[in-house]
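The lines below spell out each chain.
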Amino acid sequence: MRCEYCGTNNTAQEKFCSACGSPLREMKQVSEQVGNPGGALSGIQCPHCGKLHPSTIWNCPETGGDLSGNTDIQMAGRSSSLSAKLILEDGNEIPLNTDGQTIGRDDFDRIVSAQDLPFISRRHLLISFEDDTYHIEDPGSKNGTSINGLEISGNGKYELKDGDQIVLGKVIKLEYRSK
Amino acid sequence: MGSSVSLKCTLNRQYVSADKSAIVYLAIDILPDEFSQVQEMLPSAICLLIDRSGSMRGKKLDQAKAAAVGLINQLQPGDAVGLVTFSSKIDVVAEMEQLQFFDITDLKRNIEKIKCGGSTELYHGLDSAYLQFIRTGRTESNLVKRVILLSDGQPTDHTPESHFLKLADEMGNVGIAIMALGIGKEYNENLLGDIAEHSHGIWKHIADASDIPAIFTQQLEETKAVVRTAPVVVMQLDPGIEIKGVYKAAPDVYPITELSRTENGEVRILPGDIRLGETQILVLRLSLPPRKEGKFSLGKIRIEGEESPDQDIAVSYTNDENLWSIENDAFARGTFLKAETQAMTRKGLSGDSTALWKASQQAETMVRDPGLSKIPEMKDDMSKVVDIINKSKKGLTEEETKVAKHEMTQAKRGKSR
């Protein structure tokens with residue numbers, strides 16, 4: 001397991017980093033869902049906005065509310081909303097949901113290398129679900145987004161089609177799969 | 001010496017995995033005894049060391065003179081004071097002496113006569129201030145010893161920084177703390193910061209010359225609040241245990257890069273004078289060797305000259321994963337990481353972009369670390385670090401950089417847990 005503080009790779013049995021002594025934590029929910037096709041979302045339910053947030057953050061990204069006092073809960077995800085996803089080159093997946101979501105640096109934390117992370121903006125992509133299709137929008141990220149080689153940053157919504165090749169900040173390659 | 005102080009040691013883990021090496025964090029709280037409040041105040045010996053180079057001309061020197069007179073007015077019989085100025089040459093305006101032996105009118109007249117001109121021979125000025133204590137035999141431990149240094153410029157004496165640090169170390173070892181006050185944007189805050197830390201003092205940025213008298217008064221008040229001078233934390237660690245890093249974490253924050261070791265393997269750390277009601281905190285990162293199951297002592301910690309019993313710190317090596325997978329108290333680790341992040345940020349603000357990048361990564365990781373969420377002020381302090389780093393990326397003026405660096409030397413004061 002990779003230490004989120006110093007980046008040292010530790011064996012799966014370790015609970016504390018052998019180099020810096022920090023407690024090791026499971027990767028974020030997005031990667032935990034790989035190999036869990038039944039689609040269970042986990043996280044902390046925000047008392048302010050009701051959404052589930054990864055248990056790795058303290059504040060609700062929507063409302064800024066405090067999450068630290070809330071315990072982790074498991075909630076069954078809707079299979080229809082979990083089938084669509086963005087796949088990274090290494091096989092890690094980011095599931096898309098029909099409620100609309102923001103994809104940004106936090107979603108890639110500890111999935112991509114620390115060198116690549118700064119190229120992803122905090123709110124890099126907005127995902128929306130309209131007329132039974134996913135739409136993607138780059139509201140103006142610093143390093144841009146291209147789909148099949150076409151730059152979309154600041155150019156409004158783009159309808160995703162199965163197999164679309166998405167590149168974030170010129171470094172992170174993703175593929176859209178509708179199921 | 002002053003009143004007695006006690007120690008409280010906490011490890012972040014009580015259990016580690018048997019037959020494996022491990023990294024643990026240790027916090028050492030040094031707190032003055034509650035009874036100290038009824039103690040008599042310790043007398044102080046203060047040497048004022050004032051820059052009178054050409055650039056101090058005008059308001060800065062006028063305010064410095066007013067501040068010196070103001071400070072002398074607030075001293076009590078039994079306190080000693082000296083005054084040295086430096087420019088191209090060093091002038092001892094007043095040899096260090098107890099207040100009652102001065103002709104105060106004469107002293108004030110001599111202060112009034114100080115004129116500006118010349119360069120900034122800081123090293124010799126500092127050395128001369130040090131000699132004021134040595135020559136008059138003022139090194140005893142029941143005296144609170146301070147050099148209050150005021151400068152507005154980069155030293156011109158081309159003395160290598162290592163010489164300054166050696167001198168500051170020497171002063172720190174006899175308990176003379178340098179209060180380094182920098183004014184304006186020209187002075188070298190890295191040098192002033194380093195000599196302050198090496199002597200267990202502080203550095204402070206003064207934005208406005210009219211604040212000088214108030215800051216001198218504040219320095220005097222802090223001197224008067226000292227209930228115990230220069231305690232020495234003595235650690236006898238068991239063989240096999242390595243110290244991987246040490247920070248002073250409160251009330252001010254800086255790395256302790258050089259540890260002195262005695263012949264019998266004891267490590268001595270001087271955290272600086274203890275003020276009334278204020279806890280000093282040292283944090284250490286320790287590497288433990290693999291051991292078989294059982295409880296092992298890491299070593300003993302005590303304050304030199306104190307009668308209170310040694311603190312015995314121990315961990316249990318165990319095969320029970322339910323025990324060794326838990327961090328019992330994240331305070332020591334969180335406090336260490338906070339101090340490390342602040343120190344890295346300071347380095348980053350001095351132009352080391354890798355340090356700045358690492359600091360921002362670490363601060364963000366800490367904000368997400370659920371183990372640290374219970375530590376008071378942690379989130380606020382780390383958000384402040386992130387904020388400072390973000391601002392610095394947009395560009396800070398020289399003066400803003402100094403203020404930001406100074407903030408990174410501070411921890412929340414006197415908060416006990």
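These numbers come from a predicted model, not from an experiment.

**Remarks on the interface of chain B and chain A**
Piece 1. Taken residue by residue, the interface counts 24 residues in chain B and 25 residues in chain A.
Piece 2. Buried surface at the junction of chain B and chain A, summed over both partners, amounts to about 2,100 Å²; 55% is from carbon and sulfur atoms.
Piece 3. Three residues stand out in chain B for area buried against chain A, namely Ile23, Arg368 and Lys379 of chain B, and they jointly supply 29% of the buried area on that side.
Piece 4. Linking chain B with chain A are 3 salt bridges, by the criterion used here.
Piece 5. The salt bridge involving Glu364 of chain B is made with Arg122 of chain A; its shortest N-O contact spans 3.2 Å.
Piece 6. In this assembly, chain B and chain A are joined by 5 residue pairs in polar contact (both at pLDDT 80 or more).
Piece 7. Broken down by element, the side of chain B that touches chain A gets its largest block of residues, 7 residues, from helix 9 (residues 353-368) of chain B.

**Side note on the confidence of the model for chain A**
Low-pLDDT portions of the prediction should not be read for the details of their coordinates.
Residue and element names in this part refer to chain A.
Piece 1. Averaged over all residues, the pLDDT of chain A equals 73, while 69% of them reach at least 70.
Piece 2. Element-level mean pLDDT values for chain A span from 36 in helix 1 (residues 29-32) up to 91 in strand 12 (residues 165-168).
Piece 3. Long-range and interchain partners of residues 28-42, a stretch whose pLDDT sits below 50, account for 38 contacts in this model, where long-range means more than four residues apart.
Piece 4. Within the model, the stretch residues 68-82 combines pLDDT values under 50 with 35 contacts to residues more than four positions away or in other chains.

**Thoughts on the sheet that holds strand 8 (residues 133-137) of chain A**
Residue and element names in this part refer to chain A.
Piece 1. Strand order in the open sheet made by the 4 strands is 6-7-8-11, with antiparallel pairing throughout. Because the sheet does not close on itself, it has two edges, and the strands there are strand 6 (101-103) and strand 11 (157-159). Geometrically, the sheet is characterised by an average inter-axis angle of 30 degrees between neighbouring strands, direction not taken into account.
Piece 2. Pairing between strand 8 and strand 11: 3 bridges, direction antiparallel.

**Structural notes on helix 10 (residues 378-394) of chain B**
Residues and elements named next belong to chain B.
Piece 1. For helix 10, with 17 residues, the first-to-last C-alpha span of 25 Å sits near the 24 Å given by 1.5 Å per residue.
Piece 2. Residues of helix 10 that are buried: Met378, Asp381, Met382, Val385, Val386, Ile388, Ile389 and Ser392. Buried residues in helix 10, looked at end-on, bunch into an arc of 160 degrees, giving them a common side. Set apart from the buried face of helix 10 by more than 90 degrees, the exposed residues are Asp380 and Lys394.
Piece 3. Residues of helix 10 that are buried in the fold lie against helix 8 (331-349), helix 9 and helix 11 (398-407).
Piece 4. Two residues or fewer after helix 10 comes Gly395, characterised by a positive phi angle close to 105 degrees.

**Quick look at the pairing of strand 8 of chain A**
Residues and elements named next belong to chain A.
Piece 1. Where strand 7 (residues 125-130) lies against strand 8, 5 bridges are found, and the strand directions are antiparallel. Residue pairing in the sheet places Ser128 in a bridge with His135 of strand 8.
Piece 2. What sits between strand 7 and strand 8 in their antiparallel hairpin is a turn of 2 residues, with Asp131 showing a positive phi close to 50 degrees.

**Concerning helix 9 of chain B**
Residue and element names in this part refer to chain B.
Piece 1. Between the first and last C-alpha of helix 9 there are 23 Å, a value that for 16 residues agrees with the 22 Å anticipated at 1.5 Å per step.
Piece 2. Structurally, helix 9 contributes buried residues whose contacts are with helix 8 and helix 10.
Piece 3. In this structure Asp352 caps helix 9, since a side-chain oxygen of it lies 3.2 Å from the backbone nitrogen of Thr354.

**With respect to the packing of helix 9 of chain B against helix 10 of chain B**
Residue and element names in this part refer to chain B.
Piece 1. Between helix 9 and helix 10, the shortest axis-to-axis distance is 9 Å and the interhelical angle comes to 150 degrees. Between helix 9 and helix 10 lies a crossing whose hand is left-handed. Residues Leu356, Ala359, Ser360, Ala363, Glu364, Met366 and Val367 of helix 9 form the contact with helix 10, whose participating residues are Met378, Lys379, Met382, Val385, Val386, Ile389, Ser392 and Lys393.
Piece 2. Of the residues in the contact of helix 9 with helix 10, the class split is 10 nonpolar, 2 polar and 3 charged.

**With respect to the sheet that holds strand 6 (residues 90-98) of chain B**
Residue and element names in this part refer to chain B.
Piece 1. Here we have 6 strands laid out as an open sheet, ordered 6-5-4-7-8-9, and mixed in their pairing. The open sheet has two free edges, formed respectively by strand 6 and strand 9 (202-206), since each of these has just one partner strand. Sheet twist, expressed as the mean angle between neighbouring strand axes with direction ignored, is 15 degrees.
Piece 2. With 7 bridges joining them, strand 4 (residues 44-51) and strand 5 (residues 80-86) adopt parallel strand pairing. Residue Ala45 lies in a different strand from strand 5, and its bridge partner there is Ala80.

**Observations regarding the packing of helix 4 (residues 161-173) of chain B against helix 5 (residues 189-198) of chain B**
All names here are of chain B.
Piece 1. Running from amino to carboxyl end, helix 4 crosses helix 5 at an angle of 30 degrees, the nearest separation of the two axes being 7 Å. When the axis of helix 4 is compared with that of helix 5, the two are roughly parallel. Pair helix 4 / helix 5 crosses with right-handed handedness. Packed against helix 4, whose contacting residues are Glu161, Phe164, Leu165, Ala168, Asp169 and Gly172, the element helix 5 presents Leu191, Asp194, Ile195 and His198 at the interface.
Piece 2. Here the contact of helix 4 with helix 5 is built from residues that sort into 5 nonpolar, 2 polar and 3 charged.

**Considerations on the domain arrangement of chain B**
Residue and element names in this part refer to chain B.
Piece 1. Partitioning chain B into structural domains gives domain 1 (5-38 + 234-325), domain 2 (44-227) and domain 3 (332-407).
Piece 2. Averaged C-alpha coordinates put domain 2 and domain 3 at centres separated by 31 Å.
Piece 3. Of the residues lining the interface, 12 residues belong to domain 2; the matching set on domain 3 comes to 8 residues.
Piece 4. Carbon and sulfur atoms make up 48% of the surface buried where domain 2 meets domain 3, a total of about 930 Å² over both sides.
Piece 5. Among the residues of domain 2 in contact with domain 3, Lys185, Trp203 and His205 are the three that bury the most area, contributing 55% of the side total.
Piece 6. With its nearest N and O atoms 2.5 Å apart, the salt bridge here joins Lys405 to Glu189.
Piece 7. Applying the counting rule to domain 2 against domain 3 returns 9 residue pairs in polar contact (both at pLDDT 80 or more).

**Remarks on the side chain of Ser141 of chain A**
All names here are of chain A.
Piece 1. By the element assignment, Ser141 lies in the loop between strand 8 and strand 9 (145-147).
Piece 2. According to the relative accessible area criterion, Ser141 is buried, its value standing at 9%.
Piece 3. Within polar-contact distance, the side chain of Ser141 engages the side chain of His124 at 3.1 Å.
Piece 4. Within the structure, the side chain of Ser141 is placed 3.0 Å from the backbone nitrogen of Gly144, a separation counted as a polar contact.
Piece 5. When residues no more than four places from it in sequence are discounted, the contact partners of Ser141 are Ser121, His124 and Ser153.

Cut-offs applied
- Residues numbered from 1 in each chain as written.
- Chains lettered and ligands numbered in written order.
- Predicted model: local features only at pLDDT ≥ 70, side-chain atom pairs only at ≥ 80, totals over all residues.
- Heavy atoms only, no water.
- Contact = heavy atoms within 4.5 Å.
- Buried area = accessible area lost by both parts, 1.4 Å probe.
- Salt bridge = Lys/Arg side-chain N within 4 Å of Asp/Glu carboxyl O.
- Polar contact = N/O pair within 3.5 Å; in protein donor to acceptor, adjacent residues only side chain to side chain.
- Helix = DSSP H or I, 4+ residues; strand = E, 2+ residues; numbered from the N terminus.
- pLDDT = per-residue confidence, 0-100.
- Pairing = 2+ DSSP bridges.
- Axes fitted to C-alpha atoms, helices over the stretch in contact; angles between N-to-C directions.
- Expected span 1.5 Å × (residues − 1).
- Buried < 20%, exposed > 50% of the residue type's maximum accessible area, 1.4 Å probe, protein only.
- Arc of directions from axis to C-beta.
- Left-handed = near helix turned anticlockwise from the far one by under 90°.
- Nonpolar A, V, L, I, M, F, W, Y, C, P; charged D, E, K, R; others polar.
- Parallel < 35°, antiparallel > 145°, perpendicular 65-115°, else oblique.
- Domains from an automatic or database assignment.

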